[in-house]
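What the coordinates show
This is what each chain is made of:
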Amino acid sequence: MYNFSIEISDKIAKCFEEKLKISSELGINNIETNENINGKALYDMTGEEIEIIRDLLIDYGKRIVLLTTSLDMSDKQKLNLLFRKALTLNVKGIKIIPKENDDLSYVDKLSASYSIPLLIENNSKSFINNENTMLDLIKDSKKAGVIFNPFEFVCMQRHPFLHVYYSSKIKNKITFLRITDGLYNAHEPIMLYHGCAEVKELASIMLSRSFDGYFSFTPYLPDMSLEQYKECIAIFKKQLKNM
């Protein structure tokens with residue numbers, strides 16, 4: 001069956017356990033989070049604190065499929081600690097946010113050593129704003145993948161399906177499809193299927209190509225409420241049933 005993943009915003013739940021409870025309410029077991037859990041960075045946690053997080057994941061039947069880090073790519077000590085702690089938590093992928101001209105050789109080595117793939121996401125406000133840059137950043141890593149965010153392409157006046165996906169070489173590298181939507185002219189996010197992000201077309205063609213990655217639900221709407229999460233998930237599931 002299809003893989004869904006979710007990032008619960010701090011506005012809805014600051015406590016990690018509460019986020020796990022809400023994800024259960026939403027029927028999703030694959031968790032996305034940043035490196036700060038319960039107000040503390042993963043790489044600064046003690047062994048006991050990591051075990052508490054691990055026990056919660058086991059108790060609630062969850063797994064962290066995406067961990068986002070804002071660490072500088074030159075901070076070797078903290079990166080090493082991050083990957084070590086991530087391995088203990090059985091994290092499935094780590095998203096990095098490199099700066100232009102960063103040397104990624106060390107984090108690539110960590111990824112290979114710990115068998116935790118690196119992920120890169122497009123962002124209209126950064127240098128990683130197009131499919132060619134994304135592909136170039138992961139070209140030296142066999143297991144690295146991309147997070148395809150259609151709303152960020154909309155913000156660049158591009159059709160995510162027709163202008164980007166259809167003609168790109170990143171098709172087989174997509175691990176996460178962000179379920180987002182937005183408007184071209186205003187560059188504003190909007191409820192799913194009310195904008196120009198072509199999510200339905202993307203999901204359909206990706207599934208026809210045997211996509212086994214994650215359909216990712218994130219708090220992309222301003223101050224996204226739990227009811228808006230539910231609405232977004234319900235809309236997407238209904239569309240899946242009609243594909």
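Structural data are supplied above this passage.
Note that this is a predicted model, so its numbers are computed, not measured. (Residues numbered from 1 in each chain as written. Predicted model: local features only at pLDDT ≥ 70, side-chain atom pairs only at ≥ 80, totals over all residues. Heavy atoms only, no water.)

1. As for the state of the cysteines
- Evaluation of the coordinates by the stated rule reveals zero disulfides.
- Summary of cysteine pairing: Cys196 is not part of a disulfide, and the nearest cysteine sulfur, belonging to Cys155, is at 10 Å.
- In this structure Cys196 comes out as partly exposed when scored by relative accessible area, which is 23%. (Disulfide = S-S within 2.5 Å. Buried < 20%, exposed > 50% of the residue type's maximum accessible area, 1.4 Å probe, protein only.)

2. Concerning the packing of aromatic side chains
- Taken as a whole, this structure holds 13 aromatic pairs when the rule is applied.
- Judged by centre distance (6.4 Å) and plane angle (40°), the ring pair of Phe4 and Phe215 falls under tilted. Remark: Phe215 occurs in strand E10 (residues 214–217) and Phe4 occurs in strand E1 (residues 3–6); sequence separation between them is 211 residues.
- You can call Phe4 buried: its relative accessible area is 14%.
- Ring centres of Phe217 and Phe236 lie 5.9 Å apart, and the angle between their planes is 75°; on these two criteria the pair is classed as edge-to-face. Here Phe217, found in strand E10, pairs with Phe236, found in helix H9 (residues 226–241); they are 19 residues apart in sequence, far enough to count as distant.
- Exposure remark for Phe236: the relative accessible area of 0% places this residue in the buried category.
- Taken together, the ring pairs in this structure connect Tyr2, Phe4, Phe211, Phe215, Phe217 and Phe236 into an aromatic cluster.
- Sitting over the face of the ring of Tyr165, Lys171 holds its NZ or CZ atom 5.5 Å from the ring centroid. (Phe/Tyr/Trp six-rings, centres within 6.5 Å; stacked < 30°, edge-to-face > 60°. Helix = DSSP H or I, 4+ residues; strand = E, 2+ residues; numbered from the N terminus. Lys NZ or Arg CZ within 6 Å of the ring centre and 35° of its normal.)

3. A short note on the nonpolar core
- Counting residues in hydrophobic clusters, the biggest one holds 73 residues, and the most contacted among them are Ile6, Phe148, Ile179, Phe217 and Phe236.
- Among the elements that line this core, the one with the most residues is H9, at five residues.
- Once residues within four sequence positions are removed from consideration, Ile6 is found in contact with Ser23, Leu26, Ile28, Asn30, Ile31, Glu32, Phe217, Tyr229 and Ile233.
- Among the nonpolar cores identified, the runner-up in size contains six residues, and Val65, Leu66, Leu119 and Ile147 belong to it. (Core = buried A, V, L, I, M, F, W, Y, C linked by side-chain atoms within 4.5 Å. Contact = heavy atoms within 4.5 Å.)

4. As for H9
- Compared with the 22 Å implied by 1.5 Å per residue over 16 residues, the 23 Å span of H9 between its first and last C-alpha is a close match.
- Turning to H9, its buried residues are Tyr229, Cys232, Ile233, Phe236, Gln239 and Leu240. Down the axis of H9, the smallest arc covering the buried residues is 130°, so these residues share one side. Opposite its buried face, H9 presents the exposed residues Glu227, Lys238 and Lys241, each directed more than 90 degrees away.
- On the buried face of H9, the contacting elements are E1, helix H8 (199–208) and E10. (Expected span 1.5 Å × (residues − 1). Arc of directions from axis to C-beta.)

5. Here we look at the sheet that holds strand E6 (residues 94–95)
- What the eight strands build is a closed barrel, ordered E1-E2-E5-E6-E7-E8-E9-E10; its pairing is parallel.
- Here E6 pairs with strand E7 (residues 118–121) via two bridges, running parallel. Across the sheet, the residue bridging to Ile94 is Leu118, located in E7. (Pairing = 2+ DSSP bridges.)

6. Re the pattern of salt bridges
- Per the stated rule, a full pass over the model turns up 13 salt bridges.
- Residue Arg178 pairs with Glu32 through a salt bridge whose shortest N-O separation is 2.7 Å. You can see Arg178 sitting in strand E9 (residues 174–178) and its partner Glu32 sitting in strand E2 (residues 30–34), a full 146 residues away along the chain.
- For Glu32, a relative accessible area of 4% puts it in the buried group.
- When the shortest N-O distance is used, the salt bridge between Arg178 and Glu121 registers 2.9 Å. One end of the pair, Arg178, is in strand E9; the other, Glu121, is in strand E7, with 57 residues separating them in the sequence.
- By relative accessible area, Arg178 is classed as buried at 5%. (Salt bridge = Lys/Arg side-chain N within 4 Å of Asp/Glu carboxyl O.)

7. Here we look at the pairing of strand E8 (residues 145–148)
- Alternating residues of E8 divide into Gly145 and Ile147 and Val146 and Phe148, and every residue in both groups is buried.
- With three bridges connecting them, E7 and E8 associate as parallel partners. Along E8, the bridge assignment pairs Glu121 with Ile147.
- Where the polypeptide runs from E7 across helix H5 (residues 131–138) and back to E8, its parallel neighbour, the crossover connection is right-handed. (Right-handed = clockwise from strand over helix to strand, strands pointing away.)

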